[in-house]
Amino acid sequence: MKYISTRGRTKPLGFQDAVITGLAPDGGLLIPEPIPDVTDRLDEWSTLSYQEITFEILKLFVDIPDERLKKLIHRSYAPFSHREIAPATPVGQLQILELFYGPTLAFKDIALQFLSNFFDYILDRTDRQLNILAATSGDTGSAAIHGVKGRERMHIFVMHPHERVAPLQEKQMTSVLDPNVFNLAIKGTFDDCQHIMKALFQDLDFKTAYSLGAVNSVNWARVLAQLVYYFSAGLYVLKRKNASGVRFAVPTGNFGDILAGYYAYRMGLPITKLVLATNENDILSRFFNTGIYQQGEVVPTISPSMDIQVASNFERYLYYKMNEDSDTLRTLMEQFSDTQKIQVPLGPDGKIDTLFGEGIGDKDHTLKTIKKYYEQHNYLLDPHTAVGVYVAEQYLNEKEPMICLATAHPAKFPRAIIEATGKGPGHHQVIDAVMNAPTRCKVLPADEQVVRDFIEKHSVQ
Ligand SMILES: *Cc1c(COP(=O)(O)O)cnc(C)c1O
């Protein structure tokens, strides 16, 4: 399998180089070429365990010997608290795909456990070290820290805005005391953190000297790890319901999770609808409705992990939409960076893509949906999942089961749960343990030079 850039100006890379590189040098995103067709293997796969399906899928995309790959898969799922890793549970007319059994209780654990293990394997084989630098408003940072902690060849530096992330998320990061983990509370906003991160990555001398690595959702390994649960849940539900097609509803921010569903579709999983659900930050639902992709202001919501305006993974989808023509894609992306707006013509049926459904779940919809599922089915949805479920209800079809991705555990968002149901989500032992744990964190000014000095002093060499 080769990885090419959406912008067409990077020579093809193997999987390991693609993972280490992250973003392609020409500014594009790396994509697999060709996309494998697994249609004639689906029957056989429908009887496999989650780990076995993972192995069959990953084998198609990576250049790692089978036995090592099996170990790596085993290690990536070991920290999950559910035997099935990502079980699909029937709730009312829906199937809820629970992706929150990892160490930080959100679906990002699945991808970041894998990414850390891929890094580890590659670094070990090539006798290299990596200093991972990330800026986070909460979720990605804690999942990355839990993936990387305790590894010898990696140090991780995670900047978060001082006193501006949710207390639980802060604790999930700062309670990890392993010596290779450095939490930096930056006296500023999330934008300040991101600004410092970009400046350091753009300084190529610094980046090379300290072998800086990234864990952004543009990394192909993250999308790859997320492909698996579309297949496992899709095949399981198709079989149990004796259906010929299945629908997925995905609460969306950076377009990473739903993009994995799009690849699963392209590989031959019979997905008949991918329902894209956003909160009030609706750049993507507007795009699928109108063809206009235009940046707005980020507004804070009760589903904060979807508070995103520019979706970093969207470029991969747009590349396919532009018939895999990297010149057209490059022109569009340059136009977007100049004007914050692009427009793609609608098809004859007035849609951008009939595979996709789209919709917005605002605060009121989210709270009412949480309340409804709690009262009618005694099932608690977290606010992100509730956005997806609300929009999914507009796309129900009797013959095609609807699988809703549950991206976080409700216990992570007690305030929204109380507001919706009048009651708290109850105790969760992982959260109780974190809230009472000792923490370590360095407070630094929002000053690039200070962060640079800190990394120089604490990097792994
Ligand atoms: C990151 C996140 C999302 C959005 O996923 P994308 O891949 O960015 O679209 C949704 N829900 C939760 C809980 C998340 O952490």
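The rules behind the values
- Residues numbered from 1 in each chain as written.
- Predicted model: local features only at pLDDT ≥ 70, side-chain atom pairs only at ≥ 80, totals over all residues.
- Heavy atoms only, no water.
- Helix = DSSP H or I, 4+ residues; strand = E, 2+ residues; numbered from the N terminus.
- Rg over C-alpha atoms; globule rule 2.2 N^0.38 Å.
- Buried < 20%, exposed > 50% of the residue type's maximum accessible area, 1.4 Å probe, protein only.
- Contact = heavy atoms within 4.5 Å.
- Areas by Shrake-Rupley, 256 points an atom, 1.4 Å probe, with all protein chains shown as cover.
- Lys, Arg positive; Asp, Glu negative; His and termini not counted.
- Charge placed at Lys NZ, Arg CZ, Asp CG, Glu CD.
- Salt bridge = Lys/Arg side-chain N within 4 Å of Asp/Glu carboxyl O.
- Near = heavy atom within 4 Å.
- Polar contact = N/O pair within 3.5 Å; in protein donor to acceptor, adjacent residues only side chain to side chain.
- Nonpolar A, V, L, I, M, F, W, Y, C, P; charged D, E, K, R; others polar.
- Expected span 1.5 Å × (residues − 1).
- Pairing = 2+ DSSP bridges.
- Axes fitted to C-alpha atoms, helices over the stretch in contact; angles between N-to-C directions.
- Domains from an automatic or database assignment.
- Buried area = accessible area lost by both parts, 1.4 Å probe.

Colleague: Residues and numbers for the overall build of the chain, please.
Modeller: When helices and strands are counted, the chain shows 19 helices and 15 strands. Relative to a compact globule of 461 residues, whose C-alpha radius of gyration would be 23 Å, the chain shows 21 Å and is just as compact. The principal-axis extents of the C-alpha atoms in the chain amount to approximately 60 × 50 × 50 Å. Per-residue burial for the chain yields a buried fraction of 58% across its 461 residues. Put simply, of all contacts in the chain between residues at least 6 apart along the chain, 74% involve residues at least 24 apart. Of the accessible surface of the chain, which amounts to about 19,000 Å², a share of 48% is contributed by carbon and sulfur atoms. When the 47 basic and 54 acidic side-chain charges of the chain are each reduced to a single mean position, those positions are 3 Å apart.

Colleague: How would you explain the environment of Gln129 if you had to name every residue and give the values?
Modeller: Looking at where Gln129 falls in the secondary structure, it is placed in the loop between helix 5 (108–126) and strand 5 (130–135). For the pair Gln129 and Leu212, spaced 83 residues apart in sequence, the C-alpha to C-alpha distance is 9.2 Å. What Gln129 contacts, discounting residues up to four positions off in sequence, is Leu123, Arg153, Ser211, Val460 and Gln461.

Colleague: If you had to explain the pattern of salt bridges to someone new, which residues and values would you point to?
Modeller: By the definition in use, this model includes 21 salt bridges. In this structure, the salt-bridge partner of Arg41 is Glu44, at a minimum N-O distance of 3.3 Å. According to the relative accessible area criterion, Glu44 is partly exposed, its value standing at 44%. One salt bridge in this structure joins Arg83 and Glu84, with 4.0 Å as the shortest N-O distance. Residue classification places Arg83 among the exposed positions, given a relative accessible area of 73%. In this structure Glu84 comes out as partly exposed when scored by relative accessible area, which is 40%. Taken together, the salt bridges that share partners define one network made up of Arg41, Glu44 and Glu56.

Colleague: How would you explain the site of the ligand if you had to name every residue and give the values?
Modeller: Near the ligand there are 15 residues, and of these Lys108, Asp139, Gly253, Asn254 and Thr407 occur at the shortest range. Residue Lys108 places a side-chain N or O atom 2.5 Å away from an oxygen atom belonging to the ligand. Between the ligand and Gly256, the relevant distance is 3.2 Å, taken from an oxygen atom to a main-chain nitrogen or oxygen of the residue. For the ligand, whose free accessible area comes to 380 Å², the fraction covered by protein is 97%. Looking at side-chain class alone, the shell around the ligand contains five nonpolar, seven polar and three charged residues.

Colleague: Help me get a handle on helix 11 (residues 256–267), residues and values and all.
Modeller: Taking 1.5 Å per residue as the helical rise, helix 11 with its twelve residues ought to reach 16 Å, and the 17 Å between its terminal C-alpha atoms agrees with that figure. For helix 11, the tally of buried residues reaches ten of twelve residues, placing the bulk of the element in the interior. Within helix 11, the full set of buried residues consists of Gly256, Asp257, Ile258, Leu259, Ala260, Gly261, Tyr262, Tyr263, Ala264 and Met267. Immediately downstream of helix 11, the backbone of Gly268 shows phi near 120°, a positive value.

Colleague: Can you break down the sheet that holds strand 10 (residues 271–278) residue by residue, with the values?
Modeller: Reading across the sheet, the six strands line up as 3-4-14-9-10-13 and stay open at both edges, with mixed pairing between neighbours. At either end of the open sheet lies a strand with only one pairing partner, and these are strand 3 (88–91) and strand 13 (356–360). If you compare each strand with its neighbour and ignore which way they point, the axes differ by 25° on average. By the bridge criterion, five bridges tie strand 4 (residues 94–98) to strand 14 (residues 402–406) in an arrangement that is parallel. Paired with Ile96 across the strands is Cys404, a residue of strand 14.

Colleague: Can you break down the domain arrangement of the chain residue by residue, with the values?
Modeller: Many authors give the size of an interface as the accessible area that is lost as the parts come together. Entries for the chain in the domain assignment read domain 1 (2–77 + 108–218 + 437–458) and domain 2 (88–105 + 221–429). Tallying the contact residues gives 52 residues for domain 1 and 38 residues for domain 2. Across the domain 1 to domain 2 interface the summed buried area is about 3,800 Å²; carbon plus sulfur atoms make up 63%. When the buried surface of domain 1 facing domain 2 is broken down by residue, Arg7, Ile35 and Ser217 rank first, second and third, together holding 17% of it. Viewed at the interface, domain 2 and domain 1 are joined by two salt bridges. Glu315 is the partner of Arg7 in a salt bridge, and the nearest nitrogen-oxygen pair spans 2.8 Å. Where domain 1 meets domain 2, there are 14 residue pairs in polar contact (both at pLDDT 80 or more). Where the side of domain 1 that touches domain 2 is concerned, the elements lending two or more residues are helix 1 (15–21), strand 2 (30–33), helix 2 (42–45), helix 3 (50–61), helix 5, helix 6 (139–148) and helix 7 (167–174). Among the elements that take part in the side of domain 1 that touches domain 2, helix 5 stands out by supplying nine residues, more than any other. Each residue belonging to the side of domain 1 that touches domain 2 can be placed in one class, and the counts come to 30 nonpolar, 15 polar and seven charged.

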